[in-house]
Amino acid sequence: MHQAHLTVSQHTIAGGVHVLALAGEIDHTTADTFRQALTADDDVSSQYLVVDFHGVTFMDSSGINVLVAANNAARARDGWLRLADVPKPVLDVLHIVGLDDVIPLYPTLSQALAPEAAA
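Residues numbered from 1 in each chain as written. Predicted model: local features only at pLDDT ≥ 70, side-chain atom pairs only at ≥ 80, totals over all residues. Heavy atoms only, no water.

K.L.:
Help me understand the nonpolar core in this model?
P.N.:
For soluble globular proteins, the rule of thumb is that nonpolar side chains tend to be buried together. Of all hydrophobic cores here, the largest spans 24 residues; its most connected members are F34, V51, F53, L67, L83 and L94. Here this core gets 5 residues from one element, more than from any other, and that element is strand β3 (residues 48–59). With residues up to four places along the chain from it excluded, the contact list for L94 reads M59, I64, L67, L83, V86, L99, D100 and L105. Listed in part, the 6 residues of the second largest apolar core include V17, V50, A84 and Y106. (Core = buried A, V, L, I, M, F, W, Y, C linked by side-chain atoms within 4.5 Å. Buried < 20%, exposed > 50% of the residue type's maximum accessible area, 1.4 Å probe, protein only. Helix = DSSP H or I, 4+ residues; strand = E, 2+ residues; numbered from the N terminus. Contact = heavy atoms within 4.5 Å.)

Below, the structure written as structure tokens:
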């Protein structure tokens with residue numbers, strides 16, 4: 001049986017935006033890693049989040065559940081969640097469940113971080 005792997009790198013940029021860069025697969029075996037990264041600093045970093053999906057090769061409903069919870073948490077703090085550079089296979093999953101209508105998607109990380117993106 002194949003064991004999925006997910007690596008997460010993260011940093012906070014000026015303005016308090018927390019950026020997560022993901023690589024690997026998001027499924028039931030890695031969803032906790034993803035969830036923990038999104039909620040690493042519940043007081044600050046989960047208010048404004050950008051998740052860079054550039055290196056993600058697969059995501060199932062486990063990842064969808066994590067994104068829905070993170071989006072709800074950010075909104076509860078008057079913040080936002082944005083997704084950047086989402087590969088087509090993951091984009092297809094987001095589209096099927098309608099999450100692309102709920103969470104803003106950006107073609108690149110720099111576009112997701114641009115101040116005018118907040119408008």
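Continuing now.
K.L.:
Is there a simple way to explain helix α2 (residues 61–76) in this structure?
P.N.:
Every α-helix carries 3.6 residues per turn, so stepping three or four residues along brings you back to the same face. For α2, which comprises 16 residues, the first-to-last C-alpha distance of 22 Å matches the rise-based estimate of 22 Å (1.5 Å per residue) to within 8%. Regarding α2, the residues found buried are S62, G63, I64, V66, L67, A70, N71 and A74. Elements that come into contact with the buried residues of α2 comprise β2 (17–26), α1 (31–38), β3, β4 (80–84) and α3 (88–97). Between the side-chain oxygen at the start of α2 and the backbone nitrogen of S62 there is a gap of 2.9 Å, and the oxygen is on D60. Where α2 terminates, the next one or two residues include D78, which has phi positive at roughly 60°. (Expected span 1.5 Å × (residues − 1). Polar contact = N/O pair within 3.5 Å; in protein donor to acceptor, adjacent residues only side chain to side chain.)

K.L.:
Any chance you could explain the environment of L38 here in plain terms?
P.N.:
Counting through the fold element by element, L38 comes out in helix α1. Spatially, the C-alpha atom of L38 lies 6.8 Å from that of A70, the residues being 32 residues apart in sequence.

K.L.:
Explanation requested: the sheet that holds β2 in the structure shown.
P.N.:
Paired through backbone hydrogen bonds, the strands of a sheet run either parallel or antiparallel to each other. Strand order in this open sheet of 5 strands is β1-β2-β3-β4-β5, and the pairing throughout is mixed. Among the strands making up the open sheet, the edge pair consists of β1 (6–13) and β5 (105–106). Contacts from α3 reach β3, β4 and β5, with the element oriented near 115° to β3. (Pairing = 2+ DSSP bridges. Axes fitted to C-alpha atoms, helices over the stretch in contact; angles between N-to-C directions.)

K.L.:
Is there a simple way to think about unusual backbone geometry in this case?
P.N.:
Negative phi characterises most residues that are not glycine, and trans characterises most peptide bonds. One non-glycine residue, D78, lies in the positive phi region at around 60°. Mapped onto the elements of the fold, D78 is located in the loop between α2 and β4. For D78, a relative accessible area of 66% puts it in the exposed group.

K.L.:
Could you clarify how one ought to interpret the packing of aromatic side chains in this entry?
P.N.:
Geometrically, a pair of aromatic rings is defined through the distance of the ring centres and the angle of the planes. Within this structure, the stated rule accounts for 2 aromatic pairs. When the ring of F34 is compared with that of F53, the centres are 6.3 Å apart and the planes differ by 85°; the resulting orientation is edge-to-face. With F34 in helix α1 and F53 in strand β3, this residue pair connects regions lying 19 residues apart in the sequence. Residue F34 is classed as buried on the basis of its relative accessible area, which comes to 0%. Overall, the relative accessible area of 0% leaves F53 in the buried class. Between Y48 and W80 the ring centres are 5.2 Å apart and the planes differ by 55°, which places this aromatic pair in the tilted class. Within this pair, whereas Y48 is found in strand β3, its partner W80 is found in strand β4, the two being separated by 32 residues in sequence. For W80, a relative accessible area of 22% corresponds to the partly exposed category. The ring of W80 has R82 lying over it, and the distance from NZ or CZ to the ring centre is 3.5 Å. (Phe/Tyr/Trp six-rings, centres within 6.5 Å; stacked < 30°, edge-to-face > 60°. Lys NZ or Arg CZ within 6 Å of the ring centre and 35° of its normal.)

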